[in-house]
Amino acid sequence: PKEIVEKRISLLKAAGFPQAVITLDSLGLAAAFSHLKVQQSDAPVMLLDVGEKKSTLNIVYDSKLRCSRCLDFGRTSLDNILDDSKKQGDEEVVQPDLKKNLTRPSLTQKAAIKEAYRSLIREINLSLRSWGLERRGVALARAFVTGVGSKAPDLKEFINSELGIPVNDLNLLLPFIK
């Protein structure tokens, strides 16, 4: 990874960009995951970091980051869908702020959240096809979800039902908790 970072910095300098801070969330997440030693097999694992506005999807295989993709799905995606639902005159949506409704969304809110999850699953499947899991003759063993949006209602269960793999929380602070 150090060579990759140095190469990217040199490309930015060659293009005339001043040196600045470069964040590599996907590399950091993959490295943190490998240090946790939670993977039970050599099969590919999906790491999904659900952020406030975007999510990062990583595929780790043979202890290496093999695929990384930024997805237009985050905690605010769910809030926006709920806001749109209210604007369309849906009487059941009393409070569109997902942060206040995480534990008990109404039936209509659940339908809106499920639609957002379907969109996320389409993006995940597109990423998996792009990386070529089937072509490589391997299948995902499991998924781990982390980030500020990872506690959205039924997210892990929905991913599990759609992808047919176990989905667990990924606590990156676990090694530091006594």
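Residues numbered from 1 in each chain as written. Predicted model: local features only at pLDDT ≥ 70, side-chain atom pairs only at ≥ 80, totals over all residues. Heavy atoms only, no water.

*Asks:* Would you mind going over the pattern of salt bridges in detail, with residue names and values included?
*Replies:* With the rule as written, the count across this model stands at seven salt bridges. Linking R69 and E123 is a salt bridge whose minimum nitrogen-to-oxygen distance equals 2.6 Å. Placement of the pair is R69 in strand β3 (residues 64–71) and E123 in helix α5 (residues 107–131), with a sequence separation of 54 residues. Judged by its relative accessible area of 26%, R69 is partly exposed. Between E115 and R118 there is a salt bridge, with the nearest N and O atoms lying 3.2 Å from each other. (Salt bridge = Lys/Arg side-chain N within 4 Å of Asp/Glu carboxyl O. Helix = DSSP H or I, 4+ residues; strand = E, 2+ residues; numbered from the N terminus. Buried < 20%, exposed > 50% of the residue type's maximum accessible area, 1.4 Å probe, protein only.)

*Asks:* Which residues make up the sheet that holds β3, and what values go with them?
*Replies:* Across the sheet, which stays open at both edges, the five strands sit in the order β3-β2-β1-β4-β5 with mixed pairing between neighbours. The strands lining the two open edges of the sheet, one partner per strand, are β3 and β5 (167–169). Across the sheet, the mean angle separating the axes of adjacent strands is 20° when strand polarity is ignored. Note that strand β1 (residues 45–50) and strand β4 (residues 142–146) share five bridges and pair parallel. Directly across from D49, in β4, lies its bridge partner T146. (Pairing = 2+ DSSP bridges. Axes fitted to C-alpha atoms, helices over the stretch in contact; angles between N-to-C directions.)

*Asks:* Describe the environment of I159, listing the residues and the values that go with them.
*Replies:* As for its placement among the helices and strands, I159 is situated in helix α7 (residues 155–163). Along the chain, I159 and A143 lie 16 residues apart, while their C-alpha atoms are 8.5 Å from each other. Setting aside chain neighbours within four positions, we find I159 in contact with M46, L48, I121, V145, G164 and V167. (Contact = heavy atoms within 4.5 Å.)

*Asks:* Tell me about the pairing of β3, and please be specific about residues and values.
*Replies:* Looking at chain direction, strand β2 (residues 55–61) and β3 are connected through seven bridges and run antiparallel. Among the inter-strand pairings, I59 is bridged to a residue of β3, identified as C67. In textbook terms, the turn of a hairpin is the stretch between consecutive antiparallel strands, and for β2 and β3 this stretch comprises two residues, one of which, D62, has a positive phi near 55°.

*Asks:* Hey, could you go over the environment of T146 for me, with residue numbers and the actual values?
*Replies:* You can see T146 is positioned in strand β4. Its relative accessible area of 12% is what places T146 among the buried residues. Setting aside chain neighbours within four positions, we find T146 in contact with L29, L48, D49, V50 and L170. Only 3.0 Å separates the side chain of T146 from the backbone oxygen of L170, close enough to count as a polar contact. (Polar contact = N/O pair within 3.5 Å; in protein donor to acceptor, adjacent residues only side chain to side chain.)

*Asks:* Talk me through helix α1 (residues 2–14); I want residue IDs and the actual numbers.
*Replies:* When the terminal C-alpha atoms of α1 are compared, their 18 Å separation across 13 residues agrees well with the 18 Å that a helix rising 1.5 Å per residue should span. Trailing α1 by a residue or two, G16 shows a phi angle of about 90°, which is positive. (Expected span 1.5 Å × (residues − 1).)

*Asks:* Could you give me a rundown of the pairing of β2, with the residues and numbers involved?
*Replies:* Where burial is concerned, most of β2 is hidden: seven out of the seven residues are buried. Residues of β2 alternate between two faces, with S55, L57, I59 and Y61 on one and T56, N58 and V60 on the opposite face, all of them buried. Relative to β2, β1 runs antiparallel, the two sharing six bridges. From the neighbouring strand, M46 faces β2, where its bridge partner is I59. Where β1 folds back on β2, the antiparallel hairpin that results is connected by four residues.

*Asks:* Residue-level account of the side chain of S127, with values.
*Replies:* Mapped onto the secondary structure, S127 falls in helix α5. In this structure S127 comes out as buried when scored by relative accessible area, which is 2%. What S127 contacts, discounting residues up to four positions off in sequence, is L57, C67, R69 and L71.

*Asks:* Lay out α7 with the relevant residues and their values.
*Replies:* Among the residues of α7, those classed as buried are L155, K156, F158, I159 and L163. Seen end-on, α7 carries its buried residues on one side only, within an arc spanning 160°. A positive backbone phi angle near 70° is found at G164, which sits one or two residues after α7. (Arc of directions from axis to C-beta.)

By themselves, these observations are geometric and do not establish any function.
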